[in-house]
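Residues per chain are reported as follows:
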Amino acid sequence: MGRADERRARQRGGRRAAPRNRTSQQAGPETPATAEGGTTTTVESPAAPAASDAEGATRAERRRAAGRKPGKSGPPGRPGAPGKPAKGRIRRLFTWKKMLGAFFTFCLLGIGAFIALYMMVSIPEGNALAQTQSNVYKYSDGSILARKGTVNREIVDLSKVPKDVQHTFVAAENKTFYNDNGIDLRGMARGLYNTARGRGTQGGSTITQQYVKNYYLDQDQTVTRKLKELVISLKVDREKSKDDILAGYINTSYYGRGAYGIQAAAQAYYRVDADKLSVEQGAYLAALLQAPSQYDWAVAGPIGKKLVQERWNYVLDNMVGQKWLDKSKRDAMKFPIPKEPKAASGLEGQKGYLVDLANTQLENQLMKAQNISRSDAEALVVDQGWTITLNIDPKKQAKLEAAVKSQLTSKLDGKKRKVDDNVQAGAVSVDPKTGKILALYGGVDYYKHYTNNATRADYQPASTFKPIILASALDRDAKTQDGKDINANTIYDGTSGRAVKGSDIAFSPPNEDDADYGNITVQTAMNKSVNSVFAQMGVDVGMKNVLQTADDLGLDTENLQAVPAMTLGSMGASPLEMASVYATLDNHGQKVTPSILASAEKTGRKVDLPDPIGEQVINREAADQVTSVLTGVVDDGTAKVSVAQNPLRKGQQVAGKTGTSDSNKSAWFTGYTPDLVTSVGLFGEAKKNGAQVSLTGATGLIPGTGRINGGGYPAQIWAAYTFGVTKKAKFDLNTELGAAVKPTDTPSFSESPSETPSQTPSQTPTKSASPSQTPSQTPSQTPTKSPAPTTSAPSTPSESPTDGSTDNPLDPADEQQ
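Model, not experiment: these values are computed from the prediction.

Student: Hey, could you go over the overall build of the chain for me, with residue numbers and the actual values?
Tutor: What the chain contains, in helices and strands, is 27 helices and 18 strands. A burial count over the chain gives 53% of its 817 residues as buried. A separation of at least 24 residues holds for 72% of the contacts in the chain among residues at least 6 apart in sequence. When the accessible area of the chain is evaluated, it comes to approximately 36,700 Å², of which 50% is carbon and sulfur surface.

What follows is the structure in structure tokens.
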């Protein structure tokens with residue numbers, strides 16, 4: 001066999017038959033071995049590498065052998081390295097060369113795609129002005145409520161805007177504006193990723209990109225739109241100067257209050273032209289662009305005001321960092337509070353309040369559905385050609401307005417009494433079965449009082465919060481601290497100023513006028529609005545549980561602390577929120593989220609609106625027992641004179657609760673029939689600066705101290721409206737307790753009650769005091785007839801009020817909370 005044949009034989013399999021690294025102890029230097037097919041090959045030892053090279057080793061093997069140190073095994077899977085596996089198929093496929101090649105190929109493809117996109121997309125004609133159209137608002141019957149679409153925009157040259165004011169916008173939105181190429185790749189990548197994942201936007205756009213979005217494109221959050229924004233921004237940055245881009249940005253942005261552009265914004269917020277703006281004012285307008293409605297000082301809540309001030313400080317601090325503002329001047333600057341807004345024409349009376357709430361609820365839905373910011377949602381809604389139909393019933397709306405005028409505003413005279421100028425009224429009326437807002441009163445006139453009193457949440461709801469505490473106790477089967485079930489017949493100590501037992505925080509709330517009631521049932525405590533009873537009940541239930549129930553029923557409890565003082569309704573709430581809470585009770589515990597929107601549509605688009613009726617948030621029996629108890633407040637409690645004995649009442653069964661806050665700064669009545677829930681609030685607001693002030697003395701018609709209580713004007717407004725639009729009806733209640741049902745036995749009273757709040761067993765017939773402790777027990781359809789006392793409580797203190805007592809009839813001027 002020739003040398004060439006021998007080499008080919010070894011390559012076909014000889015090496016597998018005789019591994020080359022066998023030691024000398026296993027074989028001699030030239031031990032012959034037979035390869036597959038009968039070919040004989042020589043096994044070489046480490047002592048003879050030259051022979052291996054000369055006798056058929058492959059070229060790769062010779063290279064590896066030459067680079068290997070003597071006595072060191074070769075790589076695993078190769079001759080010379082026994083006991084390790086051969087290279088796998090996946091490893092052979094994903095080598096670093098192949099992966100690097102794939103990466104560069106992907107990059108080249110991406111670059112090619114971007115170049116193609118750049119060539120295909122051109123700068124379109126500006127469309128911001130063309131998109132601005134009138135919105136049409138309709139009542140529920142299809143009649144026109146308002147048209148709103150006069151564009152409040154005046155384009156100004158950048159030279160008319162002070163340089164320092166220009167810098168406020170750059171400092172707020174894009175510090176690198178003057179040096180960048182118009183895009184933020186990192187921000188764009190984040191935006192594209194979030195959009196593809198359905199997470200909405202998270203900022204990061206340059207001023208150029210925002211200008212392109214406002215002027216050339218739209219607010220839709222899609223990958224296609226963002227890619228177009230990227231390309232157009234690059235081209236705009238190349239073709240336009242930075243001053244032109246900045247001028248376009250500040251002239252096309254929406255600032256709230258119907259103002260488009262910096263000139264309109266300067267007038268809307270500070271009553272000056274753009275060229276007269278100070279740095280402080282410019283910084284506010286720049287900060288405003290992040291969330292115009294939330295940051296508008298006139299309507300912002302405490303959180304909104306805090307956020308806009310933080311944003312204002314951020315803008316000025318950035319200017320200092322960019323060397324655009326001297327630090328000493330910046331330190332001397334004070335936040336420039338904007339002036340009160342002026343309403344746009346065509347929104348007189350209640351129209352502006354209705355339109356604003358409709359816009360807000362539509363914006364909320366778009367934010368939720370499209371994962372967009374409030375600012376973007378406003379840009380999609382305001383003056384964008386929508387046809388919006390409201391749930392407002394024009395007849396009920398007119399009736400509510402007439403009730404406020406006849407019962408309150410016609411009696412106010414600011415020339416005679418300064419306090420009369422400080423009285424503000426708000427009301428919301430809701431259908432509990434559908435959640436539709438049927439009527440709303442936002443203030444005397446949208447032109448005269450911009451803040452919507454129906455939706456403002458800065459005044460205390462006071463004792464209208466008490467039913468929430470009882471609802472929480474009933475829904476959770478809560479017990480008193482001595483183990484008694486809490487219900488309408490449970491007895492508590494109603495002594496004014498009594499220290500609450502079991503609270504981590506010392507709390508001893510006084511009753512209205514510091515009245516002592518002794519040991520009374522929960523029913524009587526609700527009728528008389530006894531603070532000491534419900535403060536103890538809140539601790540018995542657990543304030544965190546009460547707070548959760550409040551949230552479930554419809555209050556905004558974000559940032560609220562679960563403290564005993566909450567039992568007095570010390571937080572802020574709006575008539576809209578209180579209407580939601582009581583509508584949920586009226587709807588047997590099924591959540592009601594009041595909605596003013598019936599439909600919202602524009603060319604080629606209709607918004608899907610959520611169902612105002614939600615899930616069961618408290619059990620029906622708990623909700624119905626609260627309703628039953630609240631009929632006692634009307635028939636023999638703090639609303640007896642204004643509601644139960646109202647001559648307009650024609651047999652309607654009514655449940656409700658009054659409320660009067662500290663220092664008489666607010667007064668409430670929220671009540672309901674089976675088919676209608678209405679919350680009415682009166683608020684003391686200083687005409688000059690908007691501070692909360694007392695209502696006491698308003699109208700000059702209330703004898704004594706002149707205090708305005710919830711059972712006075714609020715209840716009178718409620719009755720004048722409700723009894724004019726509702727029919728005779730009876731509650732369908734799944735409960736055997738409370739004032740709306742007839743007791744099945746004569747409960748007995750504990751002879752020796754202790755200081756523990758609840759004194760009676762929960763499930764036995766003897767758990768409550770005599771019927772005198774539970775007012776209005778008959779199921780009569782004529783609630784104005786209070787049942788005569790049948791017995792007197794054996795050891796009831798003389799100051800404890802009794803059922804049907806007429807020794808001190810309630811008067812609107814002297815009712816309890």
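Student: I'd like to hear about unusual backbone geometry, residue by residue, with values.
Tutor: Unlike most non-glycine residues, aspartate 477 shows phi in positive territory, near 55 degrees. Residue classification places aspartate 477 among the exposed positions, given a relative accessible area of 61%. Positioned with a positive phi, asparagine 559 is a non-glycine residue whose angle comes to about 70 degrees. When you line up the elements, asparagine 559 lands in the loop between helix H23 (543-553) and helix H24 (575-586). For asparagine 559, a relative accessible area of 57% gives the class exposed.

Student: Explain the sheet that holds strand S17 (residues 666-673) to me, using residue names and the numbers behind them.
Tutor: Taken in spatial order, the five strands of this open sheet run S9-S8-S18-S17-S16, and their pairing is antiparallel. Taken across any chain shown, the strands that pair with only one partner, and hence form the sheet edges, are strand S9 (437-441) and strand S16 (655-660). In this sheet, neighbouring strand axes are inclined to one another by 5 degrees on average, regardless of whether the strands run parallel or antiparallel. Sheet topology places strand S8 (residues 423-430) next to strand S18 (residues 676-684); eight bridges connect them, and they run antiparallel. Across the sheet, residue valine 428 finds its bridge partner in S18, namely serine 679.

Student: Residue-level account of the nonpolar core, with values.
Tutor: Counting 90 residues, the largest nonpolar core has Leu362, Ile388, Leu390, Phe465, Met537 and Ile596 as its most contacted members. Judged by nonpolar contacts, the second largest core, of 51 residues, contains Ala172, Leu277, Ala286 and Trp297.

Student: Give a description of the sheet that holds strand S7 (residues 387-390) that names residues and reports values.
Tutor: Taken in spatial order, the five strands line up as S4-S3-S7-S13-S14 in an open sheet, and their pairing is mixed. Whereas interior strands pair on both sides, the edge strands pair on one side only; in this sheet they are strand S4 (144-148) and strand S14 (605-606). As defined by bridge partners, strand S3 (residues 135-138) adjoins S7 across three bridges and the pair is classed as parallel. Each bridged residue has a counterpart across the sheet, and for valine 136 the counterpart in S7 is threonine 387.

Student: An account of the packing of helix H20 (residues 466-475) against H23 is requested, with residue identities and associated values reported.
Tutor: Remark: H20 packs on H23, axes separated minimally by 9 Å, with the N-to-C direction vectors making an angle of 105 degrees. Here H23 runs roughly perpendicular to H20, going by the angle between their axes. For the pair H20 and H23, contact is made by Ile468, Ile469, Ala471 and Ser472 and by Asn545, Val546, Thr549, Ala550 and Leu553, respectively. Considering only residue class, the contact of H20 with H23 consists of six nonpolar, three polar and no charged.

Student: Give a detailed account of the pairing of S18, specifying residues and quantitative values.
Tutor: Burial of S18 is extensive: nine of the nine residues sit out of reach of the surface. Every second residue of S18 is oriented toward a common face, with Leu676, Thr678, Val680, Leu682 and Gly684 on one face and Val677, Ser679, Gly681 and Phe683 on the other, all of them buried. Sheet analysis places S17 next to S18, joined by eight bridges and oriented antiparallel. In the sheet register, threonine 673 faces S18, and the bridge partner there is leucine 676. Following S17, the chain reverses through two residues before pairing antiparallel with S18.

Student: Kindly report on the pattern of salt bridges, identifying the contributing residues and their values.
Tutor: Where charged atoms of side chains with opposite charge meet at close range, the side chains can pair. Counted under the stated rule, the structure contains 24 salt bridges. A salt bridge links glutamate 363 to arginine 374; the shortest N-O distance between them is 3.1 Å. Within this pair, whereas glutamate 363 is found in helix H17 (residues 351-370), its partner arginine 374 is found in helix H18 (residues 374-381), the two being separated by eleven residues in sequence. Exposure remark for glutamate 363: the relative accessible area of 5% places this residue in the buried category. Each of Asp180, Asp237 and Lys242 takes part in one network of salt bridges that share partners.

Student: Let's hear about helix H9 (residues 207-215): which residues, and what values?
Tutor: Helical geometry: 3.6 residues make up each α-helical turn, so side chains three or four residues apart lie on a common side. By the criterion of burial, H9 is predominantly enclosed, with eight of the nine residues buried. Among the residues of H9, Ile207, Thr208, Gln209, Gln210, Tyr211, Val212, Lys213 and Asn214 are the ones counted as buried.

Student: Quick rundown of the environment of valine 643? Include the residues and the values.
Tutor: Checked against the element boundaries, valine 643 lands in helix H26 (residues 640-644). On the basis of relative accessibility, which here comes to 0%, the residue valine 643 falls in the buried class. Counting along the chain gives 73 residues from valine 643 to glutamine 716, while the straight-line C-alpha distance between them is 6.9 Å. Contacts of valine 643, omitting those with residues within four sequence positions, involve Val634, Arg649, Val654, Phe669, Ala715, Trp718 and Phe723.

Student: Please give an account of the packing of helix H13 (residues 279-288) against helix H15 (residues 302-321) that cites residues and values.
Tutor: At a minimum axis separation of 9 Å, H13 and H15 run at an interaxial angle of 120 degrees. When the axes of H13 and H15 are compared, the pair comes out oblique. Handedness of the H13/H15 crossing: right-handed. Contacts between H13 and H15 involve Val279, Glu280, Ala283, Tyr284 and Ala287 from the former and Val308, Arg311, Trp312, Val315, Leu316 and Met319 from the latter.

Student: Give me the side chain of glutamate 512: which residues, what numbers.
Tutor: Structurally, glutamate 512 can be placed in the loop between strand S10 (491-493) and strand S11 (519-521). A residue is classified by how much of its surface remains accessible, and glutamate 512, at 12% relative accessible area, is buried. Side-chain polar atoms of glutamate 512 contact the side chain of arginine 707, separated by 3.0 Å.

Student: Go over the packing of aromatic side chains, please, and point to the residues and values.
Tutor: For the structure on display, the rule yields 17 aromatic pairs. The interplanar angle of 45 degrees and the centroid separation of 4.9 Å between the aromatic rings of tyrosine 254 and tyrosine 260 together place this pair among those described as tilted. Tyrosine 260 carries the same exposure label as tyrosine 254, and that label is buried. Geometrically, the ring pair formed by tyrosine 582 and tyrosine 672 is edge-to-face, given 6.1 Å between the ring centres and 75 degrees between the ring planes. Pair noted here: tyrosine 582 is in helix H24 and tyrosine 672 is in strand S17, with a separation of 90 residues, a long-range link. Here the aromatic residues Tyr269, Tyr270, Tyr284, Trp297, Trp312 and Phe335 are joined through ring pairs into a cluster of three or more. Here the guanidinium or amino end of lysine 242 rests over the ring plane of phenylalanine 177, the centre of that ring lying 4.7 Å away.

Student: Describe in detail the environment of glutamine 365, supporting the description with residues and values.
Tutor: Relative to the assigned elements, glutamine 365 resides in helix H17. Sequence spacing of glutamine 365 and alanine 377 is twelve residues, and the spatial spacing of their C-alpha atoms is 8.9 Å. Filtering out sequence-adjacent residues up to four positions away, glutamine 365 remains in contact with Val607, Asp608, Leu609 and Pro610.

Student: For the side chain of asparagine 453, give the residues involved together with the corresponding values.
Tutor: If you trace the backbone, asparagine 453 turns up in the loop between S9 and H20. Looking at asparagine 453, its side chain comes within polar contact range of the side chain of arginine 456, at 2.9 Å. Ignoring sequence-local partners within four residues, the contact set of asparagine 453 consists of Gln424, Ala425, Gly426, Gly442, Gly443, Pro575 and Phe683.

Student: Explain the pairing of S7 to me, using residue names and the numbers behind them.
Tutor: Examined bridge by bridge, S7 and strand S13 (residues 597-602) share four bridges and lie antiparallel to one another. What sits directly across from threonine 387, in S13, is glutamate 601.

Student: How would you explain the confidence of the model for the chain if you had to name every residue and give the values?
Tutor: Here the chain shows a mean pLDDT of 80. Residues at 70 or above account for 71%. Segment residues 14-56: pLDDT under 50, and 52 contacts once partners within four positions in sequence are set aside and those in other chains are kept. The low-confidence segment residues 69-81 (pLDDT under 50) makes 17 contacts with residues lying over four places distant or belonging to another chain.

What counts and what doesn't
Residues numbered from 1 in each chain as written. Predicted model: local features only at pLDDT ≥ 70, side-chain atom pairs only at ≥ 80, totals over all residues. Heavy atoms only, no water. Helix = DSSP H or I, 4+ residues; strand = E, 2+ residues; numbered from the N terminus. Buried < 20%, exposed > 50% of the residue type's maximum accessible area, 1.4 Å probe, protein only. Contact = heavy atoms within 4.5 Å. Areas by Shrake-Rupley, 256 points an atom, 1.4 Å probe, with all protein chains shown as cover. Pairing = 2+ DSSP bridges. Axes fitted to C-alpha atoms, helices over the stretch in contact; angles between N-to-C directions. Core = buried A, V, L, I, M, F, W, Y, C linked by side-chain atoms within 4.5 Å. Parallel < 35°, antiparallel > 145°, perpendicular 65-115°, else oblique. Nonpolar A, V, L, I, M, F, W, Y, C, P; charged D, E, K, R; others polar. Salt bridge = Lys/Arg side-chain N within 4 Å of Asp/Glu carboxyl O. Left-handed = near helix turned anticlockwise from the far one by under 90°. Polar contact = N/O pair within 3.5 Å; in protein donor to acceptor, adjacent residues only side chain to side chain. Phe/Tyr/Trp six-rings, centres within 6.5 Å; stacked < 30°, edge-to-face > 60°. Lys NZ or Arg CZ within 6 Å of the ring centre and 35° of its normal. pLDDT = per-residue confidence, 0-100.

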